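Chains, contacts and geometry: an overview
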Amino acid sequence: VQNPLIMIQRGIEKAFREMGYSLVEGDEVELDLYNFERANIPQDHPAREMQDTFYIDTHTLLRTHTTSIQTRALEEAAPNVPLMVVCPGKVYRRDDDDATHSHQFFQMEGLVVGEGVTLGDLKGTLSLFAKKMFGETRTIRFRPSYFQFTEPSVEVDVSCPFCDGKGCSICKNSGWIEILGAGMVHPEVLKMAGYTDPNLSGFAFGIGVERIAMLKYGIDDIRSFYTNDRRFIDQFKRFE
């Protein structure tokens, strides 16, 4: 029997491997350079406060997102294309633990760079992902948003798998549930990594593994993943 987080992470990895992505991992202790600056978050950017970072010293920290794996992968690959990677891992932020927040959690971020990559390619990719995770009848929609790493940026909703988009208490009668953030890679991010060809573009997305697991399995408290209660784990035998 496996922890549902591991089951979901492996399921996400499998979905993207089948689309041709490579898996890249990185260190949980990271340099500020790759965690923030190369992700287009300079020293005075308010997003640094939003992340509420665990600093080890002025240059070193516990990574706040797996974007740091992406920025390193970009630098290592530049200027070669295509680049298609997914980056799983545990991340850390100062937060008060409650039913929906944790000071540590898992992310799965993805990155594609190539010639003529468009927002339509991103939507097609995430639509296929949603169908693989939640069923073939699922659809997605984009809503405008803002992330430092991407421009334009979007929030991505999936049609509610519990009511098939008709509206229920879980989706607050909207028919939609937010599942991830994404967007086109900011030109400055590509430039800092060494991609100078103006014909190149890319997209990126970030998936909260706990959020997907909570939605898929109807879990209402994120702390359940970390309490080591065998009774909780044993419930997931039927999903293996």
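All of these numbers come straight from a predicted model, not from anything done at the bench. Along each chain, residue indices are assigned from 1 in the same order as the chain's sequence is written. This being a predicted model, a pLDDT of at least 70 is required before a residue's local features are given, and a value of 80 or more before pairs of side-chain atoms are given or counted; all residues contribute to the totals for chains, interfaces and linings. Side-chain descriptors were evaluated using all non-hydrogen atoms of the structure, hydrogens and water having been removed beforehand.

Let us look at a negative patch on the surface. A patch consists of residues exposed above 30% relative accessible area that lack any salt bridge, with like charges linked at up to 9 Å and nonpolar side chains (Val, Leu, Ile, Met, Phe, Trp, Tyr) linked at up to 5 Å. A 1.4 Å probe and the Shrake-Rupley method give the accessible areas. Residues count as covered only by the protein chains that appear here. One speaks of a salt bridge when a side-chain nitrogen belonging to Lys or Arg is within 4 Å of a carboxyl oxygen belonging to Asp or Glu. Under the convention used here, Asp and Glu are negative, Lys and Arg are positive, and both His and the chain ends fall outside the count. Charge coordinates come from a single atom per side chain, which is NZ of Lys, CZ of Arg, CG of Asp or CD of Glu. Judged by side-chain charge, Glu49, Asp52, Asp95, Asp96 and Asp97 come together as a negatively charged surface patch. Assignment of secondary structure puts Asp96 in the loop between β4 (83-92) and β5 (104-115). Judged by its relative accessible area of 64%, Asp96 falls in the exposed class. Helix and strand assignments come from DSSP, with helices taken as H or I runs of at least 4 residues and strands as E runs of at least 2, each series counted from the N terminus. The cut-offs for exposure are 20% and 50% of the maximum accessible area for each residue type, with area from a 1.4 Å probe on protein chains only; residues under the lower value are buried, those over the upper are exposed, and the others partly exposed.

Quick look at helix α5 (residues 119-134) now. With 16 residues, α5 extends 22 Å from end C-alpha to end C-alpha; this agrees with the ideal 22 Å at 1.5 Å per step. For α5, the complete set of buried residues consists of Leu122, Thr125, Leu126, Ser127, Phe129, Ala130, Met133 and Phe134. Should any heavy atoms of two residues lie within 4.5 Å, those residues are considered in contact. For α5, the elements touching its buried residues are α1 (4-17), β6 (140-147), β7 (150-159), β8 (176-185), β9 (200-208) and α7 (209-217). We call two N or O atoms a polar contact when they sit within 3.5 Å, provided that within protein one can donate a hydrogen and the other can accept it, with sequence-adjacent residues counted only if both atoms are side-chain atoms. With a side-chain oxygen lying 3.2 Å from the backbone nitrogen of Gly120, the N-terminal cap of α5 falls on Thr118. Where α5 ends, the next residue or the one after it, Gly135, has phi of about 120 degrees, a positive value. Multiplying one less than the number of residues by 1.5 Å gives the expected span of a helix.

Further remarks concern the packing of α1 against α7. Across the interface, α1 lies against α7 with an axial gap of 9 Å and an inter-helix angle of 105 degrees. Here α7 runs roughly perpendicular to α1, going by the angle between their axes. Contacts between α1 and α7 involve Pro4, Leu5, Met7, Ile8, Gln9 and Ile12 on the former and, on the latter, Val209, Glu210, Ile212, Ala213, Lys216 and Tyr217. Nonpolar residues are Ala, Val, Leu, Ile, Met, Phe, Trp, Tyr, Cys and Pro. Charged residues are Asp, Glu, Lys and Arg, and all others, Gly as well, are polar. Here the contact of α1 with α7 is composed, by residue class, of 9 nonpolar, 1 polar and 2 charged. Between N-to-C directions, angles cover 0 to 180 degrees, with each direction set by a line fitted to C-alpha atoms, over the stretch in contact for helices. An angle below 35 degrees is treated as roughly parallel, one above 145 as roughly antiparallel, one from 65 to 115 as roughly perpendicular, and anything else as oblique.

This part covers the sheet that holds β8. Ordered in space as β1-β4-β5-β9-β8-β7-β6, the 7 strands form an open sheet in which the pairing is mixed. Every interior strand has two partners, whereas the edge strands, β1 (22-23) and β6, have only one. Looking at chain direction, β6 and β7 are connected through 7 bridges and run antiparallel. Paired with Ser145 across the strands is Ser153, a residue of β7. Of the strands in this sheet, β5, β8 and β9 touch α7, which is tilted by about 150 degrees from β8. Strands qualify as paired when DSSP identifies two bridges or more between them.

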